Amino acid sequence: QVQLVESGGGLVQAGGSLRLSCAASAASGRTFSSYAMGWFRQAPGKEREFVAAISWSGGKISYADSVKGRFTISRDNAKNTVYLQMNSLKPEDTAVYYCAADPARRVGLATIPVSYDYWGQGTQVTVSS
């Protein structure tokens with residue numbers, strides 16, 4: 001079991017930046033650093049979509065094409081936290097952003113929601129034009 005709590009969302013103008021954080025608390029027997037982590041987002045009336053993912057060590061990273069070059073995912077295993085730095089925000093980035101933990105020990109990074117077993121409650125990001 002992993003509990004995830006996101007923070008850092010808010011209202012920002014187009015072109016601005018936000019940094020999301022996701023604090024994790026893992027049950028005994030398995031540490032945060034053993035999970036791959038992902039960020040997803042869901043806009044009203046749309047399906048949840050992949051944003052970024054990072055391997056347990058941070059050595060593998062993947063981004064959706066729509067955010068590549070603007071968003072940066074990172075993690076601090078000592079703090080049990082994963083981050084999403086979002087720059088050059090656009091109105092189409094408006095959504096609820098969720099962090100998620102993937103317990104499977106994969107060769108690559110999962111980019112579909114069903115691969116992630118644990119989810120946070122989400123944090124709203126609104127980008128005004």
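Here is a short report on the structure shown in this document. Each residue is numbered by its place in its chain's sequence as written, counting from 1. Only residues with pLDDT of at least 70 are given local features in this predicted model, and only at 80 or more are side-chain atom pairs given and counted; all residues enter the totals for whole chains, interfaces and linings. Think of the side-chain values as coming from all heavy atoms in the structure, minus any hydrogens and water.

1. What about unusual backbone geometry?
Right, so step 1: If you check the backbone angles, asparagine 80 has positive phi at about 55 degrees while not being a glycine.
Right, so step 2: Elements are defined by DSSP. Helices are runs of H or I of four residues or more, strands are runs of E of two residues or more, and each kind is numbered from the N terminus. Along the chain, asparagine 80 falls in the loop between strand E7 (71–76) and strand E8 (81–86).
Right, so step 3: To sort residues, take the accessible area from a 1.4 Å probe on protein chains only and compare it with the maximum for the residue type: under 20% means buried, over 50% means exposed, and anything in between is partly exposed. Look at asparagine 80 and you get partly exposed, because its relative accessible area is 28%.
Right, so step 4: Even without being a glycine, serine 88 presents a positive backbone phi close to 50 degrees.
Right, so step 5: Since its relative accessible area comes to 41%, serine 88 is described here as partly exposed.

2. As for the pattern of salt bridges
Right, so step 1: Salt bridges are counted wherever a side-chain nitrogen of Lys or Arg sits within 4 Å of a carboxyl oxygen of Asp or Glu. All told, the structure shown has five salt bridges when counted by the stated rule.
Right, so step 2: In this structure, the salt-bridge partner of glutamate 49 is arginine 41, at a minimum N-O distance of 2.6 Å.
Right, so step 3: The class of arginine 41 is buried, set by a relative accessible area of 5%.
Right, so step 4: What emerges from the salt-bridge pattern is a single network uniting Arg41, Glu49, Arg70 and Asp93.

3. Description of the state of the cysteines
Right, so step 1: Any two cysteine sulfur atoms within 2.5 Å of one another count as a disulfide. If you walk through the whole model with that rule in mind, you get one disulfide.
Right, so step 2: The disulfide bridge from cysteine 22 ends at cysteine 99, spanning 1.9 Å between sulfur atoms. Sign of the S-S torsion, about 45 degrees for the bond between cysteine 22 and cysteine 99, identifies this disulfide as right-handed. You can see cysteine 22 sitting in strand E3 (residues 18–26) and its partner cysteine 99 sitting in strand E9 (residues 95–102), a full 77 residues away along the chain. The burial state of cysteine 22 is the same as that of cysteine 99; both residues are buried.

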